Amino acid sequence: MNKDLFKFVIRFSLFILPLLLVEFAIEYKLSLLPTSYALKKQHLEQYASDIEVLTFGSSHGLYNINPDLFSKFGFNFANSGQSLILDTKLSLEWLDKLPKLKLIVLPISYFSLKYRLIRGDEFWRDTFYFKTYGVSENAEPSFLLKLDPRYQLRLWMFGPQHLFELLSDNPFRSALLGKNISEKGWLSADVPSAEQKAKFNDADGRRQVKRHENLMHEDLLGSNLAALDSLIRAAQNKKVNLVFITTPVSQAYWKAIDSKKLSDMRSSIENLCEKYSVNYYNYLQDGRFNIDDFYDYDHLNKNGAQKFSRFLDKEVIKKEF
Amino acid sequence: MLFNSFQYLIFFPITVVLYFNCPHKLRWVLLFFTSCIFYMALIPQYIFILFSLILTDYFAALLIEKSFGLRRKLYLIVSLAMNIGLLVFFKYFNFLSDNLAPFFHFFGSPLITHLNVILPIGLSFHTFQSMSYTIEVYYGRFKAERHLGIYAVYVLFFPQMVAGPIERPQNIIPQLRQRHVFQYRQAVEGLQLILMGMVKKVVVADNLALFVDRVYSNPHAFNGPVLILATLFFTIQIYFDFSAYSEIAIGSAKVMGINLMRNFNGPYLSSSFGEFWQRWHISLSSWFRDYVYIPLGGNRKSRTRHFFNILTVFLISGLWHGANWTYIVWGGIHGFYLILETGLKTFAKKSTSPGVLLIAIRTWFIFICVSLAWIFFRAENIRDGFYVLTHFFSLQGEGLHATFSGANIGKSELVLYFVIIIVFLTGERISLICDFSVFFQHRVPMFCRWTIYYIAIFLIVFWGKLGSSQFVYFQF
């Protein structure tokens, strides 16, 4: 071996060794922490024999639906960034394990039909699904993805910036690890203060819509609709009803929505509804919700979620049962 | 592939190991394939555009070398037309069709439709690098390369193919023929550059971008102090972003024993506009100087012609950066600055060297003028640019506190970024006096050097925005 190369290999190994040791220690420490995914799974298994209504979705489903207020035994199986593909795969995985299940409530957000978790910034969440439930958006994660530390190392899966918060006991740790998640899977969002509410504005609403539009990819529409197709058929085979809903958004968000994209989304869902005789309940711009009900531009706060869950029970669940 | 992606973290060491274990004769093959993989990680089919450029310019150069007179010129024109034609088609077609639409409409001609194509990444860079090759062969300053593979690697060489430095054939092609052996010193210097470039990009530039993007996406919603700060942040962001890319490119090539040209040399420490352009994006500035400004006559013609030449070069340079009037205005402002400076120099007395205080005042003045010009470079349109420029003292709109919290930047982060910026600018200042890398390598104890490396890695891991954002200059 070249003398220079030998010197480099020795010095580089010595340099990298402490970093590797620290990383191993961090990984070990983080492996002992539970996650919101594991917590939900634990509750789901606990109530498997009682669940009659199962709700899915992304953060819109997670924050906006509180199954405690349903007249039937419900469970919220939503999670931040959860896509329709994951909703479908989780449903198919759990259909046989929930003997009393009669209704699946599937929230469709503005972006859902053209969205996939692994195409966005939060793709690392997919690993948690794989590690916890054995499902993944990827049929087979690509070779490069398997090598990506964000997909493999807990430090990146949780986010390095949160490390100190995770290893100490503070409110962020509680939120990240799902400690605020109710036994039926609902995560409540705080009611903003008057000062925070006063800062709500159209420009930030537009920004949030833009953020969602950036997550939309035209080429995903077909495969997402196909997944829904298979889910409806599987549910109907098991004599389980399925309904689509769209949760409320604030005026600032509503005003920034592209009408063409929205009408495309609606017509795709309505076609599916017509094909399989399922219902679609659209609360996107529901006059019964005002700024006091929101946590931000597209998520309801604790009070708003309770209000919405009552409407859902009265107008959807009771009707569909 | 992005330098700040995990793919590059895997791709680069593998390439280096293969490179030094590959027989010298086959190294061009390795560099050719790895460069193709690097480029194809973005939009694979666009590699064919590059191949067409390579073939055209390779054969054009051979024909230019063999021919004389008009025929020689004709081959050069064909090569330049191919390069510029591709650039116009992909980059400027929609801009031209938008701006010429009223004329077509006036004459009753049908409107030109919009092209729905994505600009191939780095097209402006590799067309300019390709053109420099045929022009150098035309002027007889470089012999046409016979080996198609070596020439292809000159255009495709992955560290600098998508955002420069825009290299001249004299610097790269002979190095591609040299037999490189692994050298400890070069590898360490290269890795130092990569590490520092990563800190500049993912810790400073990408985090400042959160604030800048928020403000510049809707400047009407913010008050004057926010607009001023966003402009200053963008001034730092674009420099840290682009110089980081160049440093990672230079560092990556250096590990493999290939020296790329320096692209930045402390531009914000310049005390005149002329000096700024000798220190900012040196490879592009020198390209325009050698292939546009000097052929136009440079400063050898009348004063009016000289000023016209300066303005022309800067307007073209602005247009090179993007198909938008904002870039043209940005170029125009710099042209105006330089014309004013050149004009004033004639009237100024020839004095002895200026004092430290005068240099400091001049440096700040240049920095402020350059920052003001960046407004148009960053603004979404001319109207927004003028809005920012004329509302620095407005008190209406969202204030600093709310904007920082909206961009998720806390006080401690702000202090951290400020400290890093000061450290880097101080390092640049020292580099102007002595060779900082030699000083760092030989005078600073290993313990201190390693501590600095660990701090850099710590900053990247805990504060860096990894893998998500492109380099600003990728769009050009």
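Criteria and thresholds
- As a convention, each chain's residues are numbered from 1 in the sequence order in which they are written.
- Lettering of chains starts at A and numbering of ligands starts at 1, both following the order in which they are written.
- Residues qualify for local features only when their pLDDT is at least 70, as the model is predicted, and side-chain atom pairs are given and counted only at 80 or more; totals for whole chains, interfaces and linings, by contrast, use all residues.
- Values reported for side chains reflect all heavy atoms of the structure, with hydrogen atoms and water molecules removed beforehand.
- Elements are defined by DSSP. Helices are runs of H or I of four residues or more, strands are runs of E of two residues or more, and each kind is numbered from the N terminus.
- C-alpha atoms define the radius of gyration in this analysis, and the globule rule sets the expected value at 2.2 Å times the number of residues to the power 0.38.
- Throughout this description, buried means an accessible area under 20% of the type-specific maximum (1.4 Å probe, protein chains only), exposed means over 50%, and partly exposed covers the range between.
- Working definition of accessibility: Shrake-Rupley area with a 1.4 Å probe, residue cover restricted to the visible protein chains.
- Counted charges follow a simple rule, with Lys and Arg positive, Asp and Glu negative, and His plus the chain ends left uncounted.
- Note that the charge is assigned to NZ on lysines, CZ on arginines, CG on aspartates and CD on glutamates.
- Salt bridge criterion: a side-chain nitrogen from Lys or Arg within 4 Å of a carboxyl oxygen from Asp or Glu.
- Here a strand pair is declared whenever DSSP counts at least two bridges between the two strands.
- Think of each axis as a best-fit line through the C-alpha atoms, taken over the contacting stretch in the case of a helix, with angles from 0 to 180 degrees between the N-to-C directions.
- Here a polar contact means two N or O atoms within 3.5 Å. Within protein one must be a hydrogen donor candidate and the other an acceptor candidate, and residues neighboring in sequence count only if both atoms are side-chain atoms.
- The contact criterion used throughout is that any non-hydrogen atoms of two residues lie within 4.5 Å.
- When two parts are brought into contact, each loses some accessible area as probed by a 1.4 Å sphere; the total of that loss over both is the buried area.
- Here the aromatic set is Phe, Tyr and Trp, taking the six-membered ring for Trp, and pairing holds for ring centres within 6.5 Å; pairs whose planes are under 30 degrees apart are stacked, those over 60 apart are edge-to-face, and all others are tilted.
- Only lysine NZ and arginine CZ atoms are considered, and such an atom sits over a ring when it is within 6 Å of the ring centre and within 35 degrees of the ring normal.
- Roughly parallel covers angles under 35 degrees, roughly antiparallel covers those over 145, roughly perpendicular covers 65 to 115, and oblique covers all other angles.
- For this scheme, ten residues count as nonpolar: Ala, Val, Leu, Ile, Met, Phe, Trp, Tyr, Cys and Pro. Four count as charged, namely Asp, Glu, Lys and Arg, and the remainder, Gly too, count as polar.

Q: Could you clarify how one ought to interpret the overall build of chain B in this entry?
A: Helix and strand counts for chain B stand at 19 helices and zero strands. A compact globule built from 476 residues should have a C-alpha radius of gyration of about 23 Å, and chain B, at 23 Å, falls within 12% of that. Its C-alpha atoms give chain B principal-axis dimensions of roughly 70 × 65 × 55 Å. By the burial criterion, 55% of the 476 residues in chain B qualify as buried. Accessible area for chain B stands at about 21800 Å²; split by element, carbon and sulfur atoms hold 69% of it. Averaging the locations of the 36 positively and 20 negatively charged side chains of chain B gives two centres separated by 10 Å.

Q: Is there a simple way to think about the pattern of salt bridges in this case?
A: Any two side chains of opposite charge can pair if their charged atoms end up close together. Per the stated rule, a full pass over the model turns up 31 salt bridges over all chains. K261(A) serves as the salt-bridge partner of E213(A), at 4.0 Å between the closest nitrogen and oxygen. Residue E213(A) is located in helix α12 (residues 202–214), and its partner K261(A) is located in helix α15 (residues 259–276); the two are separated by 48 residues in the primary sequence. A relative accessible area of 15% places E213(A) in the buried class. Of the residues examined, K261(A) reaches a relative accessible area of 29% and is grouped as partly exposed. For E189(B), the salt bridge is made with R185(B), and the minimal N-O distance between the two is 2.7 Å. Placement of the pair is E189(B) and R185(B) together in helix α8 (residues 184–216), with a separation of four residues, close to one helical turn. Given the relative accessible area of 11%, E189(B) is considered buried. For R185(B), a relative accessible area of 36% puts it in the partly exposed group.

Q: Whenever I open this one, the sheet that holds strand β1 (residues 53–55) of chain A confuses me. Can you help?
A: Residue and element names in this part refer to chain A. Ordered by their spatial adjacency, five strands build an open sheet running β2-β1-β3-β4-β5, and the pairing between neighbours is parallel. At either end of the open sheet lies a strand with only one pairing partner, and these are β2 (74–76) and β5 (279–282). Taking each pair of neighbouring strands and ignoring which way they run, the sheet shows an average axis angle of 20°. Of the pairings in the sheet, the one linking strand β3 (residues 103–107) to strand β4 (residues 241–246) comprises five bridges and is parallel in character.

Q: Can you walk me through the pairing of β3(A) in this structure?
A: Strand residues, when the strand is regular, have side chains that alternate between the two faces of the sheet. Residue and element names in this part refer to chain A. The element β3 is extensively covered by neighbouring structure, given that five of its five residues are classed as buried. What you see with β3 is no split at all: L103, V105 and P107 on one side and I104 and L106 on the other are buried throughout. In this structure, β1 lies alongside β3, joined through three bridges in parallel fashion. If you follow T55 over to β3, its bridge partner there is V105.

Q: Could you clarify how one ought to interpret the side chain of H60(A) in this entry?
A: All names here are of chain A. With respect to the secondary-structure elements, H60 resides in helix α3 (residues 59–64). A polar contact of 2.7 Å, which involves the side chain of H60, links it to the side chain of D298. Here H60 is in contact with S109, F111, H212, T247, D298 and H299, once residues within four sequence places are set aside.

Q: Would you take a moment to explain the environment of S270(B) for this structure?
A: All names here are of chain B. Considering the arrangement of structural elements, one finds S270 in the loop between α9 (224–255) and α10 (273–279). Setting aside chain neighbours within four positions, we find S270 in contact with E275, F276, R279, T363 and I366. One polar contact links the side chain of S270 to the main-chain carbonyl oxygen of P267, over a distance of 2.5 Å. In this structure the side chain of S270 is engaged in a polar contact, spanning 3.5 Å, whose partner is the backbone nitrogen of F276.

Q: Help me out: how do you make sense of the interface of chain A and chain B in this one?
A: Often, the extent of an interface is quoted as the loss of accessible area upon association of its parts. In this assembly, 27 residues from chain A lie in contact with 26 residues from chain B. A per-residue breakdown of the area chain A buries against chain B is headed by F8(A), F15(A) and R207(A), which together make up 25% of the total. At the junction of chain A and chain B, the tally comes to one salt bridge. Where R214(B) meets D204(A), a salt bridge forms, and the shortest distance between an N and an O atom there is 3.5 Å. Our enumeration of links across chain A and chain B arrives at six residue pairs in polar contact (both at pLDDT 80 or more). Elements represented by at least two residues in the side of chain A that touches chain B include exactly α1 (3–31), α6 (143–147), α7 (149–152), α8 (154–158), α9 (163–167) and α12 of chain A.

Q: What is the right way to look at the packing of aromatic side chains in this model?
A: Both the distance between ring centres and the angle between the ring planes are used here to describe each pair of aromatic rings. The final tally for this structure, using the stated rule, is 78 aromatic pairs over all chains. On the basis of an interplanar angle of 65° and a centroid distance of 6.4 Å, the ring pair of F8(A) and Y184(B) is categorised as edge-to-face. Of this pair, F8(A) sits in helix α1 while Y184(B) sits in helix α8, which puts the two residues in different chains. Take F8(A) and Y184(B): they sit in the same class, and that class is buried. A centroid spacing of 5.2 Å and a plane angle of 70° characterise the contact between W277(B) and F314(B), whose relative ring orientation is edge-to-face. Highlighted residues: W277(B) in helix α10 and F314(B) in helix α12 (residues 303–321), separated in sequence by 37 residues. Taken as a pair, W277(B) and F314(B) share a single burial class, namely buried. The side chain of K7(A) reaches across the aromatic face of Y184(B), ending 4.2 Å from its centre.

Q: Would you take a moment to explain the packing of α9(B) against helix α14 (residues 356–378) of chain B for this structure?
A: When two helices pack together, you describe them by how their axes are tilted relative to each other and by the distance separating the axes. Residue and element names in this part refer to chain B. One way to put it is that α9 packs onto α14 with a least axis distance of 9 Å and a crossing angle of 90°. Considered as vectors, α9 and α14 are oriented roughly perpendicular to each other. Contact residues: T231, L232, F234, T235 and I238 in α9; F367, S371, W374, I375, F377 and R378 in α14. Among the residues making up the contact of α9 with α14, the classes are represented as seven nonpolar, three polar and one charged.

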